[in-house]
Amino acid sequence: MTSVPFLDLKSQNRAMWAELKDTVENIVAEAQFILGPHVQAFEQRFAEFCGAKHCIGLNNGTTALHMALLAFDVDPGDEVITTPHSWISTCWGIAYTGAKPVFVDIDRRSYNLDPNLVEAAITPRTKAVLPVHLYGQAAEMTALRDICERHNLRLIEDAAQAHGAQHAGHTVGSIGDAGCFSFYPGKNLGAFGEAGAVTTNSDPIAARIRSLRDHAQDGRHNHVEIGYNTRMEGLQGAVLDAKLKHLAEWTQRRRDHANYYLGQLKGIPGLTLPAVDDPLSHVWHLFVVLVNDRDQFRADLEKRGVATGVHYPTPIPSQPAFKHLGYKRGQFPVTEDVMSRCVSLPMFPELTEAQQEYVVAIIRDVINKR
Ligand SMILES: Cc1ncc(COP(=O)(O)O)c(C=O)c1O
């Protein structure tokens, strides 16, 4: 029986290892374990890639969100408007500052924060808006930026799933006041371990995050505020710098795979496909369809060797960790509907034509037999 994994990191990493072996040996020989020249080189290249002035390398995407919000003085008691439909880290970043996440529902087509609902959620305590470019598709940044400018709010992008996605000709990470990236191994640009970064066009914000990540030192042993140890490792900088050269090609392959799925799965009753208005807006971190009776559908696919995922099953305001905010089921009807029916299909650059043909054939068969 054929089987198709949800994600295959091993083949990409094997290929990268040949490219990286000497560099890694050099890092060990030179003991360049934390920050250092490879991180600096990556920061410069990734900033250029995003069209941003600065990139600050960090130890993961969760801390990128935390550091960015801290740098903009998001304080206890402040409010940050965000989406209920994301990986939990979006809200960890907010919660770590002591601020309160305020949720508004998502748009039915893009599954991203619905800009039409944001203004009604603004209060005198609102400090920032934090959209997520979910599944790799850029959020409605023009509308969100307009709202933030009118209300003097910071716009912080959670770009953890969307390296290289564009909105209206601008690359994510350069559109808001700061962009937060994850380089978790399974991301479109993934490290050999944990890594993340913040991008920004602001000199003072970049300087503050550089300081915060390194114990807030201003000169050796002089700590000017509460600092953190959230620096990027040298090895991760080297891996990411080498992988960045391949990212455009990997993204193109993801787009080709997405077009194949979109063409082949079109018109299948009971299957809702992702909606994309601008092909450059999406880098297809995930290819997510909606089906009724999701668990049975996944089990049927699994039995035939097709692995799938769920991103994500529970609205963040319904998580026990955020119960104290007092949100109730029913407050986010679009999110709740999408979360109850979403299934992520296999999507990674190395996916072969034969594997995709198999996935499509099995989906058709499973749905026909319903
Ligand atoms: C939308 C989103 N935000 C934030 C993160 C956090 O990144 P990390 O896992 O590197 O902490 C992730 C990835 O896990 C993510 O998908």
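Residues numbered from 1 in each chain as written. Predicted model: local features only at pLDDT ≥ 70, side-chain atom pairs only at ≥ 80, totals over all residues. Heavy atoms only, no water.

A. Molecular detail of the domain arrangement of the protein. Domain annotation for the protein reports domain 1 (10-104 + 111-242) and domain 2 (247-368). Centre-to-centre, using C-alpha coordinates, domain 1 lies 25 Å away from domain 2. With 34 residues of domain 1 in contact, the opposing surface of domain 2 contributes 33 residues. Summed over both partners, the interface of domain 1 with domain 2 buries about 2900 Å², with 65% contributed by carbon and sulfur atoms. Three residues stand out in domain 1 for area buried against domain 2, namely Tyr111, Tyr135 and Asn188, and they jointly supply 25% of the buried area on that side. Linking domain 1 to domain 2 there are zero salt bridges. The interface formed by domain 1 and domain 2 holds 13 residue pairs in polar contact (both at pLDDT 80 or more) in total. Put simply, the parts of the chain that give the side of domain 1 that touches domain 2 at least two residues each are helix 1 (10-30), helix 4 (89-97) and strand 3 (100-103). No other element matches the four residues that strand 3 contributes to the side of domain 1 that touches domain 2. In the side of domain 1 that touches domain 2, the residues fall into 19 nonpolar, 13 polar and two charged. (Domains from an automatic or database assignment. Contact = heavy atoms within 4.5 Å. Buried area = accessible area lost by both parts, 1.4 Å probe. Salt bridge = Lys/Arg side-chain N within 4 Å of Asp/Glu carboxyl O. Polar contact = N/O pair within 3.5 Å; in protein donor to acceptor, adjacent residues only side chain to side chain. Helix = DSSP H or I, 4+ residues; strand = E, 2+ residues; numbered from the N terminus. Nonpolar A, V, L, I, M, F, W, Y, C, P; charged D, E, K, R; others polar.)

B. Just the sheet that holds strand 10 (residues 271-272), in detail. Strand order in this open sheet of three strands is 10-11-12, and the pairing throughout is antiparallel. The open sheet has two edge strands, strand 10 and strand 12 (342-345), and neither has a second partner. As defined by bridge partners, strand 10 adjoins strand 11 (residues 287-291) across two bridges and the pair is classed as antiparallel. Among the inter-strand pairings, Leu271 is bridged to a residue of strand 11, identified as Val291. With respect to the sheet, helix 8 (residues 294-303) is in contact with strand 10, strand 11 and strand 12, its orientation differing from that of strand 12 by roughly 20 degrees. (Pairing = 2+ DSSP bridges. Axes fitted to C-alpha atoms, helices over the stretch in contact; angles between N-to-C directions.)

C. Up close: the nonpolar core. Counting 48 residues, the largest nonpolar core has Phe46, Val129 and Phe183 as its most contacted members. Residue assignment for this core shows that the elements contributing at least two residues are helix 1, helix 2 (37-50), helix 5 (141-151) and helix 7 (234-264). The element that contributes the greatest number of residues to this core is helix 7, accounting for seven residues. Of the residues that make up this core, three or more belong to each of domain 1 (10-104 + 111-242) and domain 2 (247-368). Grouped together as the second largest cluster of nonpolar side chains are 26 residues, Val4, Val291, Phe297 and Ile367 included. (Core = buried A, V, L, I, M, F, W, Y, C linked by side-chain atoms within 4.5 Å. Buried < 20%, exposed > 50% of the residue type's maximum accessible area, 1.4 Å probe, protein only.)

D. Inspection of the site of the ligand at higher detail. Neighbouring the ligand are 15 residues; Gly61, Thr62, Asp158, Ser182 and Lys187 lie closest to it. A distance of 3.4 Å separates an oxygen atom of the ligand from a polar side-chain atom of Asn60. The separation between an oxygen atom of the ligand and a polar side-chain atom of Trp87 is 3.5 Å. The protein chains hide 92% of the 380 Å² of surface that the ligand would expose on its own. A molecule is said to occupy a pocket when more than half its atoms come within 2 Å of that pocket's grid points, and by this definition the ligand occupies the largest pocket. Contributions of two or more residues to the shell around the ligand are made by helix 3 (61-71) and helix 4. Of the residues forming the shell around the ligand, the biggest block, three residues, is contributed by helix 3. (Near = heavy atom within 4 Å. Areas by Shrake-Rupley, 256 points an atom, 1.4 Å probe, with all protein chains shown as cover. 1 Å grid on protein atoms, 1.4 Å probe; cavity = no way out; pocket = protein on both sides within 12 Å on 5 of 7 lines; lining within 4 Å. Sits in = over half its atoms within 2 Å of the grid points.)

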